[in-house]
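# Fold and contact review
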Amino acid sequence: MILNEPKQSPYDLSFNLFGFPIRVHPGFFILPVIFGSGSLGGVANPGVVILIFILAFFVSILVHELGHALALRFFGVPSRVVLYWMG
């Protein structure tokens, strides 16, 4: 199924934040590249614009998911964050 968590790859970005293990699959970055490239319309340096878009997308999704993880921690449920494709 397309929304199942992907297997770990050697290209995954893994780190801990606020005690939560975070894993970012490389496929996560496909969607912000597609969305960011659609808003380039005559920009002098498109690479920089796409990188800023990817960074904003990454931070906003990560903060959102950390909210879920913090709520789970409050209720005593262990959690982790895995960012991939659309999940």
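Here we summarise the structure given alongside this text.

Procedures and definitions
Residues numbered from 1 in each chain as written. Predicted model: local features only at pLDDT ≥ 70, side-chain atom pairs only at ≥ 80, totals over all residues. Heavy atoms only, no water. Phe/Tyr/Trp six-rings, centres within 6.5 Å; stacked < 30°, edge-to-face > 60°. Lys NZ or Arg CZ within 6 Å of the ring centre and 35° of its normal. Helix = DSSP H or I, 4+ residues; strand = E, 2+ residues; numbered from the N terminus. Expected span 1.5 Å × (residues − 1). Contact = heavy atoms within 4.5 Å. Buried < 20%, exposed > 50% of the residue type's maximum accessible area, 1.4 Å probe, protein only. Polar contact = N/O pair within 3.5 Å; in protein donor to acceptor, adjacent residues only side chain to side chain. Core = buried A, V, L, I, M, F, W, Y, C linked by side-chain atoms within 4.5 Å.

Scanning the model with the defined rule gives five aromatic pairs in all. The rings of Phe 28, Phe 29, Phe 57 and Phe 58 are connected pair by pair, giving a single aromatic cluster. In this structure, Arg 73 packs its charged tip against the face of Phe 20, placed 3.9 Å from the ring centre.

Looking now at helix α2 (residues 46-74). Between its terminal C-alpha atoms α2 stretches 42 Å, which fits the 42 Å expected from 29 residues at 1.5 Å a residue. Those residues of α2 that are buried lie in contact with β1 (13-17), β2 (20-24), α1 (30-37) and β3 (81-83). Trailing α2 by a residue or two, Gly 76 shows a phi angle of about 80 degrees, which is positive.

The next point concerns the side chain of Ser 79. Inspection of the secondary structure assignment puts Ser 79 in the loop between α2 and β3. Residue Ser 79 is classed as buried on the basis of its relative accessible area of 17%. Only 3.5 Å separates the side chain of Ser 79 from the backbone oxygen of Ala 69, close enough to count as a polar contact. What Ser 79 contacts, discounting residues up to four positions off in sequence, is Phe 20, Pro 21, Ala 69 and Leu 72.

Once that is clear, we can look at the nonpolar core. Judged by nonpolar contacts, Phe 20, Ile 22, Val 24, Phe 28, Phe 57, Phe 58, Leu 62, Leu 66, Ala 69, Val 81 and Leu 83 together constitute the single largest core of eleven residues. Those elements that place two or more of their residues in this core are β2, α2 and β3. For this core, the element with the highest residue contribution is α2, accounting for five residues. Residues contacting Ile 22, with those up to four places away along its chain left out, are Leu 13, Ser 14, Phe 15, Asn 16, Leu 17, Leu 62, Leu 66 and Val 81.

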